[in-house]
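Breakdown of the fold
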Amino acid sequence: MYDINLQEQDFMPKTPMSKNFIKWKKEVHIKVVQETAKPYYEDETKRFCLFNHDTLKFLDLIQPGSIDMIFADPPYFLSNGGMSCHAGRRVSVNKGEWDVSKGIDETHKFNLEWLRLCQDLLTENGTIWVSGTSHVIYSIGFAMQELGFKILNDIAWYKVNPPPNLSCRYFTHATETVLWAAKSKKSRHYFDYPLMKKMNNNKQMQSLWSIKAPGRDEKLHGKHPTQKPLELLDRIILASTKKNDVVLDPFTGSSTTGIAAYKLDRKFIGVDKNKEYLELSKKRFESEALQGVNT
Ligand SMILES: C[S@@+](CC[C@H](N)C(=O)[O-])C[C@H]1O[C@@H](n2cnc3c(N)ncnc32)[C@H](O)[C@@H]1O
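In this text the structure is predicted, and so the values were computed from the model without any measurement. (Residues numbered from 1 in each chain as written. Predicted model: local features only at pLDDT ≥ 70, side-chain atom pairs only at ≥ 80, totals over all residues.)

Two numbers describe how helix H2 (residues 104-121) lies on helix H3 (residues 137-147): the axes approach to 9 Å, and their chain directions differ by 50 degrees. It follows that H2 is oblique to H3 by the angle criterion. As for how H2 packs across H3, the hand of that crossing is right-handed. Only Ser-139, Ile-140, Ala-143, Met-144, Glu-146 and Leu-147 of H3 make contact with H2, whose side of the interface consists of Thr-107, His-108, Asn-111, Leu-112, Leu-115, Arg-116 and Gln-119. When the residues that make up the contact of H2 with H3 are grouped by side-chain class, the tally is six nonpolar, five polar and two charged. (Axes fitted to C-alpha atoms, helices over the stretch in contact; angles between N-to-C directions. Helix = DSSP H or I, 4+ residues; strand = E, 2+ residues; numbered from the N terminus. Parallel < 35°, antiparallel > 145°, perpendicular 65-115°, else oblique. Left-handed = near helix turned anticlockwise from the far one by under 90°. Contact = placed C-beta atoms within 7 Å. Nonpolar A, V, L, I, M, F, W, Y, C, P; charged D, E, K, R; others polar.)

And the structure:
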């Protein structure tokens, strides 16, 4: 069991300590009672923790009802030999073994499974955001409906400067959908309406967000093929969490979510099954969050 957000008084164990109990410190807000749940990386304050696991296995180790907000950018399952355009050059869309499609039924089964685990982890009023393209977002939306989430918004993220469409047989793909949902129909979700309005020149913020794809300054330490812009995550975190809330990203990649969360004084847990992306996360965190580069 992985227990988050403990107060000092919570550190008195009520039952004899498990043999595998490996951490128990006054200022630690995370208690790990299984060797397998050892972080791959954590900062001194334990507010930025990365785990190298398959998310489907790892999420079961987190205490149910302990997460305030989840941002998930799951595999799009679009790496099937197609081509795209990057910096004026024809490039393969293959992102890695983790993004290869196993067919629509398997994709939907996978989406149902991780979404069900995430739903259990959310607090009663907690919310989840999931980003995706047409390859995956309909399955995600349907799975959310099947599981009884309350869909709050479907944000159209307009990428402003998308790569051109090389085949000239389609419109240029310029948007991605970000679904925002609460744990259940009974949830009373948190929304910082005044702040969103203030950030939008004192007009109600709409569900169309124009945000550029991450620039070079966010890719100084290497590239993740589907890295999200910090501005997108800043907005999501500010809209739906308070300071010290616990944010989870079950497909953390280069940890854009974690860097934004840390800089905004939230606590972060990120999971990825690929070590190379966690190494990139670590470098980004040490430079962009700890050193304050890009702030
Ligand atoms: C779309 S990318 C996320 C990118 C991230 N939002 C960013 O800004 O860098 C999805 C990530 O999920 C990871 N992944 C895919 N399947 C996984 C699984 N079953 N368990 C854990 N991580 C997984 C991949 O390694 C990949 O880094």
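And the narrative resumes.
Moving on to the nonpolar core. If you look at the biggest cluster of nonpolar residues, it comprises 57 residues, and the most contacted ones within it are Ile-70 and Leu-179. At six residues, the largest contribution of residues to this core is made by helix H5 (residues 230-240). Filtering out sequence-adjacent residues up to four positions away, Ile-70 remains in contact with Cys-118, Leu-122, Ile-128, Leu-248 and Pro-250. (Core = buried A, V, L, I, M, F, W, Y, C linked by C-beta atoms within 7 Å. Buried ≥ 20, exposed ≤ 12 C-beta atoms within 10 Å, placed from the backbone.)

Moving on, we come to the sheet that holds strand E13 (residues 267-272). One open sheet accounts for nine strands, arranged E3-E4-E13-E12-E5-E8-E10-E9-E11; its pairing is mixed. The outermost strands of the open sheet, each flanked by one partner alone, are strand E3 (41-42) and strand E11 (208-210). As paired strands, strand E5 (residues 67-72) and strand E12 (residues 246-249) are joined by two bridges and run parallel to one another. The partner of Ile-70 across the bridge, within E12, is Leu-248. Relative to the sheet, H3 contacts strand E8 (122-132), strand E9 (150-158) and strand E10 (175-182), its axis offset from that of E10 by approximately 10 degrees. Most of the contacts of H5 go to E5, to which it runs at about 155 degrees, and overall it touches E5, E8, E9, E11 and E12. (Pairing = 2+ DSSP bridges.)

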